[in-house]
Each structure stands twice: as C-alpha cells, then as structure tokens.
Amino acid sequence: LQHQYVITEPIPEVKAYHEQHGHQLPVLRDLEGSYYLRDEGDGILVGPYESEEDMQLAPPEWKGTMPPELTYHLFQGDLERIMYSMEKATELVPQLETTGIKTVLNGPTCWPADGNHLVGPSHEKPNYWNACAESYGIAHGAGLGRYLVHWMQHGEPPYELTEADPARYGAWATPAWVGDKVKEAYGWNNYIAYFNENRPRARPVVHPDRPQDDIVAVLKARGAQLGFSHGWETPNWFHSEAIDLKNTMATFERPSYINAINKECEQVVSHAGLAYWPFAHYRISGAGAPAFLDRLIANKLPAIGRVGLGHLLTPTGKVYSELTFVRLAETDFYVTGYSNYQLHDLRWMKEHMEVGEEVQIEDVTSKRAVLFINGPDAESIVAKLLDEPVDLDRAQFKAFQWRRLSLSGAETIAVRMSFIGEHGLELHVERDQVARLYEKLHEMDPKLGDWGGTTMNSFRIEKGVPLFGKDITKDHDAFEAGLDRFIKLDKGDFIGRDALLKVKEGGGPTRKMVKLEVAVGEEKVDCVGNEPIRCPETGKVIGFTTSGTWGCLAGKSLALGYVYG
C-alpha cells in the first residue's frame with residue numbers, strides 16, 4: 001500500500017533545540033489527527049495515516065508484493081489526501097503553518113490484513129520461515145530477529161506471539177480480500193482500540209474454505225451481532241432485533257448490551273440455549289495414529305466410545321495448544337480444536353510426524369460444524385428430532401462419552417461435554433446441515449434461547465474454566481495453568497514430559513492460576529486481561545489477569561489470572 005509523509009524546511013526552534021540538547025525531539029503520535037510527528041534534520045516530519053476511504057493500494061499488477069526491481073520506487077505525492085492530518089498537526093506545532101514543505105514522499109510499504117507482521121514457520125512449506133509484512137520494520141527488527149532465531153534453535157517460540165503467526169491466514173485470505181481488509185487496518189491504525197471492538201470490513205469471507213452463508217443468514221435473522229475468527233463469523237451476542245450494530249457498541253466500560261447477556265444466561269439455566277461456534281476439525285487415522293497422538297499430548301488417549309481433552313506441549317512444557325479427541329475406533333480419531341489455531345495446530349502435527357509413520361491427517365474444518373445446546377431441558381429438545389430412539393439421559397449418556405445420532409436426517413456425533421459448565425451436548429454435523437439443524441431445534445421448541453461468545457465468557461469465568469489462547473498460552477507451563485488432571489507423567493514419553501518432571505522435582509511452578517472477584521463498586525468496568533494484580537498490604541505487583549467479565553449469574557465482576565509465590 002502507499003504511505004505518505006511530509007518533511008518541512010528547517011525550523012529555527014527545532015535547530016535551537018538540537019544545539020541546546022544534542023539529541024532529537026521525542027516522537028509524537030496524535031490519535032485524533034491520525035499522524036506521527038518527529039524531527040528530520042532541522043525540520044519536522046509528519047507521517048499521516050489516511051482514512052480507509054482515502055488510502056491507496058499499490059498497483060494491482062504488483063499482485064500484493066513489491067517487485068524487486070522497484071526497491072526504491074516512489075509514487076506521486078498527494079497532499080490533498082493527507083490534508084486533514086496536516087491541519088491537525090499545525091494545531092500542535094503552529095510553526096508548520098508558516099514553514100515551507102521540502103518533500104512529500106509517497107512510498108510502498110507492506111501490510112498484512114490486520115496490520116500485524118508475519119513471523120514464524122510457514123504452514124505451507126516445510127522448513128520455510130517468514131519474517132515479513134513489517135509495517136514498523138526498524139522498531140521491531142531486533143526483537144523479531146531474536147524471536148525467530150530462538151524458535152529455529154529450540155523448536156518453540158520464546159513467548160506467545162500468535163498474533164504474528166503466518167498460520168493465522170489460510171487460503172480463504174485471498175489477495176482480493178487482503179487488499180480490501182487492509183484498508184481498514186491502515187485507516188484504523190491511529191483509532192482508539194476497544195477490547196470489544198468489531199471490525200466489519202470485508203466480511204463475511206466468501207471462499208470454499210469458509211462455507212458459512214447459510215448459518216450466517218440464520219444467525220443474523222435472529223439478531224446475532226457477529227465477530228470474526230480466522231475467516232469465520234462468530235455470534236458474540238444476540239440483539240432483540242435483526243439489525244447489525246457493527247462497531248457502535250465498542251467501549252472501555254461494561255458494554256451496554258449486558259442485559260442481553262443476562263437474558264441469554266438466564267435462558268440457558270432456566271430452560272435451554274443454543275449456540276453455533278466455528279472450530280477446527282481433523283480426522284486422524286492409520287495404524288500409527290494412536291502412538292503418534294500419544295506422543296504429542298500430555299493426557300492419555302480416550303478409549304473407544306469416549307472423549308478426551310489433550311494438550312500439545314512444547315519441549316519446555318509450555319502449552320502449545322488444546323484439542324478434543326473423539327475416539328471413533330482403535331485407529332480413528334475425530335479431533336476438534338480452536339478455529340484460529342487451525343493451521344497452527346496442523347503445522348505442529350506435521351512437523352512432529354516421523355518418517356514412515358502410518359498416520360493420515362485430514363483437515364475437515366470446512367466440512368464439519370458444531371452446535372452447543374445447554375440447559376436442564378437440552379436433552380429433551382434434542383430427543384424430539386431423533387430419527388431413531390437413543391437414550392440421552394445423563395445417567396446413561398455420561399460425561400466424556402459420545403453417541404451417533406440421526407437428528408431430522410442429519411448424521412450427528414453427539415458429545416457429552418460442556419465448556420460453559422452447564423449440562424448439555426455438543427452436536428457435530430456436516431457443515432451443510434448446521435443451519436437447517438439450528439432452525440429445526442428452534443422449531444421444535446420456540447422457547448429455546450440463543451447465546452453467543454460473550455455469554456460463553458460469562459459462564460466459563462464464573463466456573464473458573466480457563467480459555468486456551470487467553471488464559472493458557474505458550475507463556476504458561478501446564479502445571480501453573482492448573483492442567484494437572486490432564487497431565488499423565490506416568491503414561492510414558494511425550495513432548496514436554498522431561499521439562500514438567502523438572503518443574504515437579506523443583507517443588508512445582510512459581511506461579512499459579514487463580515479466580516478473582518474484583519471489587520468495582522458502582523463502577524461499570526471489568527477486567528479484560530493484562531491488568532496488574534497488587535498485594536493490598538505492600539502495593540507490589542504479584543501477578544496479572546488474563547481475562548475478566550461481568551458474571552451475570554453471580555452478579556459480580558470476575559477475572560482469571562496468575563499470581564507468583
């Protein structure tokens with residue numbers, strides 16, 4: 001894309017400052033004016049970020065990348081496009097209004113769709129590494145160089161930086177989509193970023209890898225306010241009307257739609273609620289599949305007919321990912337992971353497959369979908385759609401078991417698990433059946449509620465359930481994350497086992513996860529993550545939060561986090 005900046009003629013005050021202090025002025029950034037400002041020689045450099053409507057991409061014949069022969073290419077400057085930022089800059093530095101312009105530079109710079117860089121191993125080519133799309137190259141260069149080298153040398157990154165992982169983009173992120181979405185990333189670069197902001201441009205994604213038109217239409221008709229995850233639309237919460245509020249509800253305070261979340265929670269606990277949420281799905285099979293997976297995860301594999309939670313660990317015992325395993329047969333597993341870690345997890349599995357190992361990994365993410373139905377009446381609602389009788393009673397169909405069901409013609413793998421801590425079922429179906437099944441369940445019971453990701457967050461934090469990618473990341477080892485019951489050190493060797501043994505022999509982790517009630521009084525604010533936890537007696541920082549929300553059923557502000565000692 002094109003990025004412009006302006007350099008002025010020398011300014012006496014700038015020259016005097018240099019002579020007196022012997023160093024440059026600090027760099028200033030004005031979010032309201034959407035520009036940065038610093039000295040250049042004895043003049044001033046103003047670098048605006050144009051709005052998403054005004055900014056320009058490089059010529060389409062470049063096909064999204066910089067031709068090597070045009071390394072020093074410059075575009076024609078266009079002051080008209082950046083006049084708003086220049087006028088705002090004169091309010092801060094009045095001398096700009098009376099100083100001549102020496103240069104208007106308009107050069108090409110590389111931005112990915114979300115503005116973050118691409119740093120890490122490729123998920124497309126083995127032993128190929130990315131370090132590109134650096135919108136702030138010089139500032140980030142040294143740190144990212146060290147990050148990349150550490151990963152190359154040790155087989156794992158030194159810390160969590162998923163937002164820069166190239167695996168966050170799949171085939172669905174076409175050049176046309178990136179070219180459209182990046183206008184938003186660039187245009188919003190100097191906007192205030194809210195924790196619950198919703199960036200609507202270039203959505204929903206239309207691509208064979210993201211077949212979702214039907215379920216998106218169903219959700220929108222029911223008032224869903226949709227978010228975005230790895231190319232998928234995700235229902236964050238449900239409005240009483242079928243309107244799209246886009247980013248108008250963004251705030252630093254407890255969102256004004258908290259009453260809608262309260263309603264969703266109450267519907268689940270008093271009767272039942274239904275949720276659609278996109279996940280990554282894999283079919284892993286072959287004679288070597290059990291040994292392969294047993295080597296990858298810290299837990300024991302489930303028996304046939306059962307379901308298990310397993311964590312991929314790094315060599316130092318950090319949590320690389322979290323997966324659910326449905327054992328269909330002795331050598332056949334249906335595996336579910338988080339949608340935004342689809343290619344991240346697939347890359348790890350392929351990297352750790354040994355030569356000659358009889359294992360087939362099929363990515364079926366675009367072919368499968370899942371519905372959550374939770375609440376005291378969940379099973380009775382599902383039973384109304386059974387084509388053949390199956391006992392869904394909890395005494396017979398127990399936790400961490402699965403059953404094959406036919407629900408109004410939809411072949412279903414029903415799993416007795418609940419991420420939100422409320423009784424219910426996961427209904428895994430072919431993706432082309434999910435919208436129809438969603439509507440059928442509501443048709444069977446008009447009182448059935450809808451719930452989304454914000455309600456999911458309220459439920460799970462009330463129950464103290466950590467979320468992978470938020471409360472558990474590559475920054476945390478399995479023991480400090482409280483995953484003890486999923487770690488089987490006595491089962492034999494697995495990646496990360498030696499490191500965890502050392503942690504245990506050394507007296508255990510130096511920090512642990514805690515659940516917190518946050519005293520906010522009458523203030524309508526809640527933790528969202530990365531807030532410091534201080535000791536009230538000493539005032540010292542003793543930990544940090546990882547996530548937080550208003551607990552609708554508890555009627556309290558709650559958080560999860562880590563404390564030391």
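Residues numbered from 1 in each chain as written. Predicted model: local features only at pLDDT ≥ 70, side-chain atom pairs only at ≥ 80, totals over all residues. Heavy atoms only, no water.

Undergrad: It is not clear to me how a nonpolar patch on the surface should be interpreted in this structure. Could you clarify?
TA: Taken together, the side chains of Leu31, Ile192 and Phe252 make up a nonpolar region of the molecular surface, amounting to roughly 290 Å² of accessible area. Within the element layout of this structure, Leu31 appears in the loop between β2 (28-30) and β3 (35-40). (Patch = residues over 30% accessible without salt bridge, like charges linked within 9 Å, V, L, I, M, F, W, Y side chains within 5 Å. Areas by Shrake-Rupley, 256 points an atom, 1.4 Å probe, with all protein chains shown as cover. Salt bridge = Lys/Arg side-chain N within 4 Å of Asp/Glu carboxyl O. Helix = DSSP H or I, 4+ residues; strand = E, 2+ residues; numbered from the N terminus.)

Undergrad: Explanation requested: the pattern of salt bridges in the structure shown.
TA: For side chains bearing opposite charge, pairing can occur when the charged atoms are close. One pass over the structure, following the stated rule, counts 30 salt bridges. Two residues, Arg81 and Asp78, come together in a salt bridge whose shortest N-O distance is 3.9 Å. By relative accessible area, Asp78 is classed as partly exposed at 27%. Where Arg394 meets Glu379, a salt bridge forms, and the shortest distance between an N and an O atom there is 3.1 Å. Here Arg394, found in the loop between α9 (378-383) and β17 (402-407), pairs with Glu379, found in helix α9; they are 15 residues apart in sequence, far enough to count as distant. Taking the relative accessible area as the measure of exposure, Glu379 reaches 9% and is therefore buried. Here the salt bridges do not stand alone but share partners, grouping Glu32, Lys88 and Glu91 into one network. (Buried < 20%, exposed > 50% of the residue type's maximum accessible area, 1.4 Å probe, protein only.)

Undergrad: Can you walk me through the sheet that holds β2 in this structure?
TA: The strands that make up a sheet are held in pairs by hydrogen bonds between backbone atoms, and each pair lies either parallel or antiparallel. With antiparallel pairing, five strands are arranged side by side in an open sheet as β2-β3-β4-β1-β5. Each end of this open sheet is capped by a strand with a single partner; those strands are β2 and β5 (101-108). Between one strand and the next, the sheet's axes are offset by a mean angle of 20 degrees, whatever the strand orientation. Bridge count for β2 against β3 is three bridges, and the pairing is antiparallel. By the bridge assignment for β3, Asp30 is matched with Tyr35. (Pairing = 2+ DSSP bridges. Axes fitted to C-alpha atoms, helices over the stretch in contact; angles between N-to-C directions.)

Undergrad: How do you make sense of empty space enclosed by the protein when you look at a structure like this?
TA: Gaps left between atoms are located by rolling a probe of water-molecule size over the structure's atoms. According to the stated counting rule, one finds two cavities of 30 Å³ or more in the structure shown. Taken as a whole, the largest cavity encloses approximately 50 Å³ of empty space. Taken together, Phe372, Asn374, Met417, Ser418, Phe419, Ile420, Leu425, Glu426 and Trp451 form the lining of the largest cavity. Elements that contribute at least two residues to the lining of the largest cavity include exactly β16 (368-374) and β19 (424-430). Here the residues of the lining of the largest cavity are counted per class, giving six nonpolar, two polar and one charged. The volume enclosed by the second largest cavity comes to roughly 30 Å³. Taken together, Val119, Tyr147, Trp151, Pro157, Glu160, Leu161, Thr162, Asp165 and Lys474 make up the full set of residues lining the second largest cavity. (1 Å grid on protein atoms, 1.4 Å probe; cavity = no way out; pocket = protein on both sides within 12 Å on 5 of 7 lines; lining within 4 Å. Points joined across faces, edges and corners; volume = space filled by probe spheres on them. Nonpolar A, V, L, I, M, F, W, Y, C, P; charged D, E, K, R; others polar.)

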